[in-house]
Amino acid sequence: MSVLRPSQENLLRLALETGALLFGSFVTKAGRETPYFFNSAKLSSGRGAWAAGQALSDEAVASGLGFDMLFGAAYKGIPLAALTAAALQQGHNLDLKFAYNRKEAKAHGEGGAVAGAKLEGRVLIVDDVLSAGTSAREAIDLIQGEGAEVAGLLVLLDRQERGLRECSAAQALNDDHGIAVRRVFGLDILLKAAHTAGQDRETIKRVEDYRKKYGAL
């Protein structure tokens, strides 16, 4: 397991403190019983927002992906894109524009399905969790439909699970669209978090078993 950056450690600690990251018994949208649950909405405070923005911006820069602007995937990716843009300016002296999509196109005002800056150049999609990749595919279609190029996908958590195929959602996105996925947290880091949080051996074993059953690392 690689050493975590300070911004990753800070966000992980805060996620545990706020309940954004929980261990127990939950059910995913796909109907899988999972031993952990991540909800970025629990980070809705100044401290949580700044921690998320720092972790995402550090990963964006470390990824080596060339990008000209950010795109927040509705809905949770919208504030995350804004926070990442602010942290890129503050921590990396990069002043980048960002845009986001609406679930339904607006018929009045500026209209359309996209708000914020004009989509152009290489666009980095920002979202909270990658599971099946549905929202990412919608964002890809929208960005390419506007004539821009997708630079990659950046998420707080990649569940790194098999979907309808044997490969992970990240690999499927790469195979189908040729885009790379970068993450702040993955399953290996969640296992580290379970140990750090002092979870009992049974809980840790459930996470390990879940990775063996559904993981596509």
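Residues numbered from 1 in each chain as written. Predicted model: local features only at pLDDT ≥ 70, side-chain atom pairs only at ≥ 80, totals over all residues. Heavy atoms only, no water.

Each helix and strand in the protein was counted, giving seven helices and eight strands. By the compact-globule yardstick of 17 Å for 217 residues, the protein fits well, its C-alpha radius of gyration being 17 Å. Each principal axis of the C-alpha distribution contributes one length, and for the protein these read about 55 × 40 × 35 Å. For the protein, the share of sequence-separated contacts (at least 6 apart) that also reach a separation of at least 24 residues comes to 70%. Of the accessible surface of the protein, which amounts to about 10600 Å², a share of 49% is contributed by carbon and sulfur atoms. When the 26 basic and 26 acidic side-chain charges of the protein are each reduced to a single mean position, those positions are 3 Å apart. (Helix = DSSP H or I, 4+ residues; strand = E, 2+ residues; numbered from the N terminus. Rg over C-alpha atoms; globule rule 2.2 N^0.38 Å. Contact = heavy atoms within 4.5 Å. Areas by Shrake-Rupley, 256 points an atom, 1.4 Å probe, with all protein chains shown as cover. Lys, Arg positive; Asp, Glu negative; His and termini not counted. Charge placed at Lys NZ, Arg CZ, Asp CG, Glu CD.)

Next up on the list: the nonpolar core. In terms of nonpolar packing, the biggest core is built from 43 residues, with Leu11, Leu21 and Phe67 touching the most fellow members. The greatest single-element share of this core, amounting to six residues, is contributed by helix α6 (residues 187-196). Filtering out sequence-adjacent residues up to four positions away, leucine 21 remains in contact with Leu12, Ala15, Leu16, Phe37, Phe38, Leu190 and Ala193. With 24 residues, the next largest nonpolar core counts Phe71, Leu130, Ala170 and Val181 among its residues. (Core = buried A, V, L, I, M, F, W, Y, C linked by side-chain atoms within 4.5 Å. Buried < 20%, exposed > 50% of the residue type's maximum accessible area, 1.4 Å probe, protein only.)

Let us look at the packing of helix α1 (residues 6-18) against helix α2 (residues 46-63). Two elements in contact, α1 and α2, have axes whose closest approach is 9 Å; the angle formed by their N-to-C orientations is 145°. Our pair here, α1 against α2, has a crossing hand that is left-handed. In this structure, α1 uses Ser7, Asn10, Leu11, Leu14 and Glu17 to contact α2, whose residues at the interface are Arg47, Gly48, Ala51, Ala52, Gln54, Ala55 and Asp58. Counted by class, the contact of α1 with α2 contains five nonpolar, four polar and three charged residues. (Axes fitted to C-alpha atoms, helices over the stretch in contact; angles between N-to-C directions. Left-handed = near helix turned anticlockwise from the far one by under 90°. Nonpolar A, V, L, I, M, F, W, Y, C, P; charged D, E, K, R; others polar.)

With that settled, the discussion passes to the pattern of salt bridges. In this structure the tally under the stated criterion is 11 salt bridges. The closest approach of N and O atoms between glutamate 149 and arginine 122, which form a salt bridge, is 2.7 Å. In this pair, glutamate 149 sits in strand β7 (residues 149-158) while arginine 122 sits in strand β6 (residues 122-130), placing the two residues 27 residues apart along the sequence. Residues participating in the shared-partner salt-bridge network are Arg32, Arg159 and Glu161. (Salt bridge = Lys/Arg side-chain N within 4 Å of Asp/Glu carboxyl O.)

As judged from the five bridges shared by strand β1 (residues 21-27) and strand β2 (residues 33-38), these two strands associate in the antiparallel manner. Its bridge partner lying in β2, leucine 22 is registered against phenylalanine 37. Hairpin connection, β1 to β2: the antiparallel pair is bridged by five residues, and glycine 31 has positive phi, about 85°. (Pairing = 2+ DSSP bridges.)

Glancing now at the pairing of β7. Across the 10 residues that make up β7, a large majority, nine, are buried. Handedness of the β6-helix α4 (residues 134-145)-β7 crossover: right-handed. With four bridges connecting them, β7 and strand β8 (residues 181-185) associate as parallel partners. Its bridge partner being in β8, leucine 154 is matched across the sheet by arginine 182. (Right-handed = clockwise from strand over helix to strand, strands pointing away.)

This brings us to the packing of α4 against helix α5 (residues 169-177). Look at α4 against α5: their axes get within 11 Å of each other, and the N-to-C directions meet at 25°. By the angle between their axes, α4 is roughly parallel relative to α5. At the point where α4 passes α5, the crossing takes the right-handed sense. In contact with Ala136, Arg137 and Ile140 of α4, α5 contributes Ala172, Leu173, Asp176 and His177. Split into classes, the residues belonging to the contact of α4 with α5 amount to four nonpolar, one polar and two charged. (Parallel < 35°, antiparallel > 145°, perpendicular 65-115°, else oblique.)

As for its position among the elements, threonine 34 is in strand β2. Classification of threonine 34 as buried rests on a relative accessible area of 3%. For threonine 34, the side chain forms a polar contact with the side chain of arginine 159, separated by 3.0 Å. (Polar contact = N/O pair within 3.5 Å; in protein donor to acceptor, adjacent residues only side chain to side chain.)

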